[in-house]
Amino acid sequence: GAVVSQHPSRVICKSGTSVKIECRSLDFQATTMFWYRQFPKQSLMLMATSNEGSKATYEQGVEKDKFLINHASLTLSTLTVTSAHPEDSSFYICSARERGLAWNEQFFGPGTRLTVL
Amino acid sequence: AQSVTQPDIHITVSEGASLELRCNYSYGATPYLFWYVQSPGQGLQLLLKYFSGDTLVQGIKGFEAEFKRSQSSFNLRKPSVHWSDAAEYFCAVGLMNRDDKIIFGKGTRLHILP
């Protein structure tokens, strides 16, 4: 159980285009999903926290108009990188927390490699 | 402020040798502690976690970790490493009552010599 998927696993796009990344909890309901960004050979940096049915909470320094997050259901959150530029190239990882428990670990997706040309 | 320190960026051990990866944390309350492993280009896999109780925690793949409150440490150990253990290892602390955020250390890359 507790499987999180991401789609696509890899995406290459031209500068100026927008890219949408999906994060799904496959066998549980996720009240909260998290989006991380990982630069090569570095740690994961939390970008935003997404609660189902409400606006995402962005970490300091993350442009909310650049990285649009939608958490429309208990099993799906999307991250849209708008007007992508080469500096947005990175590994994006989502995680999900299961509904109903006082505190619970996060289950991580396999990540999406974004390359902006 | 909360933080996680992994003092070793790279560690190299021979296959079959024992392993210890260090982790120190800074957090005002009782922490929730995790170790994750990441293979190249992959997501994170949870090795083990500590929430409360026995301070020696057993995880998957033969890993264990010991929580030492007095030293603010949560070091990861394995008695005999395998070539497949080569990966990046992240120590992390979970923040209670802060949207359950997880703060990650910078990671330790483990290299295995044949």
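Residues numbered from 1 in each chain as written. Chains lettered and ligands numbered in written order. Predicted model: local features only at pLDDT ≥ 70, side-chain atom pairs only at ≥ 80, totals over all residues. Heavy atoms only, no water.

A. Spatial organisation of the overall build of chain A. Broken down by element type, chain A carries 0 helices and 11 strands. The order of α-helices and β-strands along chain A, N terminus first, is β-β-β-β-β-β-β-β-β-β-β. For 117 residues, the compact-globule formula gives about 13 Å, and the C-alpha radius of gyration of chain A, at 13 Å, lands near that figure. Over its C-alpha atoms, taken along the principal directions, chain A stretches across nearly 40 × 25 × 25 Å. Within chain A, the proportion of its 117 residues that are buried is 50%. Nonlocal contacts in chain A, meaning residues at least 24 apart in sequence, comprise 55% of its contacts between residues at least 6 apart. Summed over all atoms, the accessible surface of chain A reaches about 5,700 Å², with 51% contributed by carbon and sulfur. On chain A, the mean spot of the 12 positive side-chain charges and the mean spot of the 10 negative ones are 5 Å from each other. (Helix = DSSP H or I, 4+ residues; strand = E, 2+ residues; numbered from the N terminus. Rg over C-alpha atoms; globule rule 2.2 N^0.38 Å. Buried < 20%, exposed > 50% of the residue type's maximum accessible area, 1.4 Å probe, protein only. Contact = heavy atoms within 4.5 Å. Areas by Shrake-Rupley, 256 points an atom, 1.4 Å probe, with all protein chains shown as cover. Lys, Arg positive; Asp, Glu negative; His and termini not counted. Charge placed at Lys NZ, Arg CZ, Asp CG, Glu CD.)

B. Region of the structure containing the environment of Thr 5 of chain B. Residue and element names in this part refer to chain B. Looking at the element boundaries, Thr 5 is found in strand β1 (residues 3–5). With relative accessibility at 41%, the residue Thr 5 sits in the partly exposed group. The spacing of Thr 5 and Arg 77 is 72 residues in sequence and 16 Å in space, taken between C-alpha atoms. Thr 5 has contacts with Arg 22, Cys 23 and Asn 24, leaving out every residue within four places of it along the chain.

C. Main features of the sheet that holds strand β7 (residues 67–73) of chain A. All names here are of chain A. The strand order β1-β3-β8-β7 describes an open sheet built from 4 strands, whose pairing is antiparallel. Strands with a single pairing partner mark the edges of an open sheet, and in this sheet they are β1 (4–7) and β7. Ignoring which end each strand starts from, the neighbouring axes of this sheet average 15° apart. As defined by bridge partners, β1 adjoins strand β3 (residues 19–25) across 4 bridges and the pair is classed as antiparallel. Residue Ser 5 lies in a different strand from β3, and its bridge partner there is Arg 24. (Pairing = 2+ DSSP bridges. Axes fitted to C-alpha atoms, helices over the stretch in contact; angles between N-to-C directions.)

D. Molecular detail of the state of the cysteines. Under the counting rule described, the total for this entry stands at 2 disulfides over all chains. Bridging Cys 23 of chain A to Cys 94 of chain A, the disulfide has an S-S length of 2.0 Å. In this structure, the disulfide formed by Cys 23 of chain A and Cys 94 of chain A twists by about 80° around the S-S bond and is classed as right-handed. Here Cys 23 of chain A, found in strand β3, pairs with Cys 94 of chain A, found in strand β9 (residues 90–98); they are 71 residues apart in sequence, far enough to count as distant. For the pair formed by Cys 23 of chain A and Cys 94 of chain A, the shared burial category is buried. Linked covalently through their sulfurs, Cys 23 of chain B and Cys 91 of chain B form a disulfide whose S-S length is 1.9 Å. (Disulfide = S-S within 2.5 Å.)

E. Local environment of the nonpolar core. By size, the foremost hydrophobic cluster in this structure holds 28 residues, and its most contacted members are Leu 19, Trp 35, Leu 47, Leu 48, Phe 74, Leu 76 and Tyr 89 of chain B. Sorting the residues of this core by element identifies β2 (10–14), β3 (19–21), β5 (32–38), β6 (44–50), β8 (64–68), β9 (73–78), β10 (87–94) and β12 (108–113) of chain B as the ones contributing at least two each. In terms of residue count, β10 of chain B provides more of this core than any other element does, 4 residues in total. If you look at the next biggest cluster of nonpolar residues, it comprises 24 residues, including Phe 67, Val 81, Tyr 92 and Cys 94 of chain A. (Core = buried A, V, L, I, M, F, W, Y, C linked by side-chain atoms within 4.5 Å.)

F. Region of the structure containing the pattern of salt bridges. In total, this model carries 8 salt bridges over all chains according to the counting rule given. A salt bridge links Asp 88 of chain A to Lys 66 of chain A, with the shortest nitrogen-to-oxygen separation between them at 2.7 Å. With Asp 88 of chain A in the loop between β8 (76–81) and β9 and Lys 66 of chain A in the loop between β6 (57–58) and β7, this pair connects stretches of sequence that are 22 residues apart. Note that Glu 88 of chain B and Arg 109 of chain B form a salt bridge whose closest N and O atoms lie 3.1 Å from each other. Here Glu 88 of chain B, found in strand β10, pairs with Arg 109 of chain B, found in strand β12; they are 21 residues apart in sequence, far enough to count as distant. Given the relative accessible area of 8%, Glu 88 of chain B is considered buried. Shared partners join several salt bridges into a network, and the residues in it are Glu 64, Glu 66 and Arg 77 of chain B. (Salt bridge = Lys/Arg side-chain N within 4 Å of Asp/Glu carboxyl O.)

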